[in-house]
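The residues making up each chain are set out below.
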Amino acid sequence: MALFIVTFVLHVWNSTRRAAEEALQHGAQPMTMWQHAFSGAFWFESFQNWQSEFLSTAILILMAIFLRERGSPESKAVSDPHSNTGH
């Protein structure tokens, strides 16, 4: 949980810094970190990142069901069809 909090705070900080740089380039007033943390742009980029991470994790889990390592004691028998090992 501590790693998640640290990385999330770093994400807010870096995202705020980058958004401030872009605002200054366009002559706009930059948001504070607190304002940026509750902005739609921040949550949009956060959910894009989380979506890709959860998708890749889900693919790894689902593929582990069908992929088997030959000779592994943790694996199902490689020669057994999926219909026999689904229990």
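Residues numbered from 1 in each chain as written. Predicted model: local features only at pLDDT ≥ 70, side-chain atom pairs only at ≥ 80, totals over all residues. Heavy atoms only, no water.

Some details on the environment of Ala-23
Tracing the backbone through its elements, the reader meets Ala-23 in helix α1 (residues 2-25). The exposure class of Ala-23 is buried, given its relative accessible area of 15%. Excluding residues that lie within four positions of it along the chain, Ala-23 makes contacts with Ala-28, Gln-29 and Pro-30. (Helix = DSSP H or I, 4+ residues; strand = E, 2+ residues; numbered from the N terminus. Buried < 20%, exposed > 50% of the residue type's maximum accessible area, 1.4 Å probe, protein only. Contact = heavy atoms within 4.5 Å.)

Things to note about the confidence of the model for the chain
On average, the chain scores 85 in pLDDT, and the residues at 70 or more come to 84%. When mean pLDDT is compared element by element in the chain, helix α2 (residues 33-37) scores highest at 94, while helix α4 (residues 82-85) scores lowest at 73. (pLDDT = per-residue confidence, 0-100.)

Focus on the environment of Ala-20
Mapped onto the secondary structure, Ala-20 falls in helix α1. Its relative accessible area of 16% is what places Ala-20 among the buried residues.

Topic: a nonpolar patch on the surface
A contiguous nonpolar patch, built from Met-1, Phe-4, Ile-5 and Val-9 and spanning about 440 Å² of accessible area, is present on the exposed surface. If you trace the backbone, Met-1 turns up in the segment before α1. With a relative accessible area of 74%, Met-1 lands in the exposed category. (Patch = residues over 30% accessible without salt bridge, like charges linked within 9 Å, V, L, I, M, F, W, Y side chains within 5 Å. Areas by Shrake-Rupley, 256 points an atom, 1.4 Å probe, with all protein chains shown as cover. Salt bridge = Lys/Arg side-chain N within 4 Å of Asp/Glu carboxyl O.)

Details of the pattern of salt bridges
For the structure on display, the rule yields 2 salt bridges. Between Arg-17 and Glu-21 there is a salt bridge whose closest N-O contact spans 3.5 Å. In this pair, Arg-17 and Glu-21 are both assigned in helix α1, 4 residues apart and thus about one turn of the helix distant. Looking at Arg-17, the relative accessible area reads 41%, which means it is partly exposed. You can call Glu-21 partly exposed: its relative accessible area is 43%. Ionic pairing is found between Glu-45 and Arg-18, a salt bridge with its closest N-O pair at 3.3 Å. Residue Glu-45 is located in helix α3 (residues 40-66), and its partner Arg-18 is located in helix α1; the two are separated by 27 residues in the primary sequence.

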